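Listed below, chain by chain, are the residues.
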Amino acid sequence: MGKFLTEFKEFAMKGNVVDMAVGVIIGGAFGKIVSSLVNDVVMPVVGLATGGLDFKEHKLILKEAVMNGEEIVTPEVAMTWGVFVQNIVDFLIVAICIFVAIRFMNRFKKKVEEAPAAPAEPTKEEVLLTEIRDLLKQQAADKK
C-alpha cells in the first residue's frame, strides 16, 4: 500500500497533472462567464434583433402532455431546439475566446524566443581557467 501511495504522489505532483487540474478549474469558471455572456448579453440582443424571439422557449413538441385537470399525468415530449441554438452560440464564443488566448500566447512566446539572450557572466572557475590559459600561452611564447 505504501508503494502505491508513493507512486500516486509522484504522479499527482508532476507538472502536467497539476497544470491540467488548474486548467479544469479555470475552465469551469470561464464556462460560467461565457454562459452569462451568452444568456445575459448576446441572446437578449439576438432576441431584440429577431423581434423578441427567446430561443430558450422554442421547441418542437413531439407528443403533447397528458393532463388530468391541473395535474400532469404524462409530461410532453419535445425537442428543445432553442436551447440547442443557445448552446451553439456558447460553443462559438468559447472557441473564439480560446483561439484569441492561444494566438496571444503564441505571439508572446514567439517574441520571447526571438529576444536575444543576454551574454552569460562567466563563473569564477571560468575566469580562473581563462587566466591560467593565458599565463600558459605567455610562458610558452617567452620560451621561444
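The structure we're discussing is the one just above.
Here we summarise the structure given alongside this text. (Residues numbered from 1 in each chain as written. Predicted model: local features only at pLDDT ≥ 70, side-chain atom pairs only at ≥ 80, totals over all residues. Heavy atoms only, no water.)

**Some points on the overall build of the protein chain**
Here's step 1: Tallying secondary structure elements over the protein chain gives 4 helices and 4 strands in all.
Here's step 2: Computed over the C-alpha atoms, the radius of gyration of the protein chain is 33 Å, more than 25% above the 15 Å expected from 2.2 N^0.38 for a compact globule of 144 residues.
Here's step 3: Projecting the C-alpha coordinates of the protein chain onto the three principal axes gives extents of approximately 115 × 55 × 20 Å.
Here's step 4: In the protein chain, which comprises 144 residues, the proportion classed as buried is 7%.
Here's step 5: As displayed, the protein chain offers around 12,600 Å² of accessible surface, 67% of which is attributable to carbon and sulfur atoms.
Here's step 6: Side chains of the protein chain carry 17 positive and 19 negative charges; the gap between the two charge centres is 10 Å. (Helix = DSSP H or I, 4+ residues; strand = E, 2+ residues; numbered from the N terminus. Rg over C-alpha atoms; globule rule 2.2 N^0.38 Å. Buried < 20%, exposed > 50% of the residue type's maximum accessible area, 1.4 Å probe, protein only. Areas by Shrake-Rupley, 256 points an atom, 1.4 Å probe, with all protein chains shown as cover. Lys, Arg positive; Asp, Glu negative; His and termini not counted. Charge placed at Lys NZ, Arg CZ, Asp CG, Glu CD.)

**Topic: a positive patch on the surface**
Here's step 1: Residues R103, R107, K110 and K111 make up a contiguous surface patch of positive charge.
Here's step 2: With respect to the element layout, R107 can be found in helix α3 (residues 81-114). (Patch = residues over 30% accessible without salt bridge, like charges linked within 9 Å, V, L, I, M, F, W, Y side chains within 5 Å. Salt bridge = Lys/Arg side-chain N within 4 Å of Asp/Glu carboxyl O.)

**Side note on the environment of K32**
Here's step 1: Within the fold, K32 resides in helix α2 (residues 15-49).
Here's step 2: Taking the relative accessible area as the measure of exposure, K32 reaches 66% and is therefore exposed.
Here's step 3: Considered as a pair, K32 and N106 are 74 residues apart in the sequence and their alpha carbons are 25 Å apart.

**Observations concerning the nonpolar core**
Here's step 1: Listed in full, the 5 residues of the largest apolar core are V34, V38, M43, F55 and I93.
Here's step 2: By residue number, the principal contributor to this core is α2, which donates 3 residues.
Here's step 3: Among residues more than four places away in sequence, those in contact with F55 are M43, V46, W81, G82, V83 and V85. (Core = buried A, V, L, I, M, F, W, Y, C linked by side-chain atoms within 4.5 Å. Contact = heavy atoms within 4.5 Å.)

**Observations concerning the pattern of salt bridges**
Two side chains of opposite charge can pair, provided their charged atoms sit close to one another.
Here's step 1: If you walk through the whole model with that rule in mind, you get 2 salt bridges.
Here's step 2: A salt bridge links D134 to R133, with the shortest nitrogen-to-oxygen separation between them at 3.1 Å.
Here's step 3: What makes R133 partly exposed here is its relative accessible area of 43%.

**A closer look at the environment of V77**
Here's step 1: Here V77 is to be found in strand β4 (residues 77-79).
Here's step 2: V77 gets classed as partly exposed once you look at its relative accessible area, which sits at 41%.
Here's step 3: Along the backbone, V77 and E64 are 13 residues apart, and their C-alpha atoms lie at a distance of 6.7 Å.
Here's step 4: When residues no more than four places from it in sequence are discounted, the contact partners of V77 are L60, I61, L62 and K63.

**Some points on the side chain of Q86**
Here's step 1: Along the chain, the position of Q86 falls in helix α3.
Here's step 2: Given the relative accessible area of 5%, Q86 is considered buried.

**Quick look at a nonpolar patch on the surface**
Here's step 1: Among the surface-exposed residues, M1, F4, L5, F8 and F11 lie close enough to one another that they form a single nonpolar patch of about 620 Å² accessible area.
Here's step 2: By the element assignment, F8 lies in helix α1 (residues 2-12).

**Overview of α3**
Here's step 1: With 34 residues, α3 should reach 50 Å at 1.5 Å per residue; the first-to-last C-alpha distance of 49 Å fits that figure.
Here's step 2: Burial in α3 covers these residues: G82, Q86, D90 and I93. (Expected span 1.5 Å × (residues − 1).)

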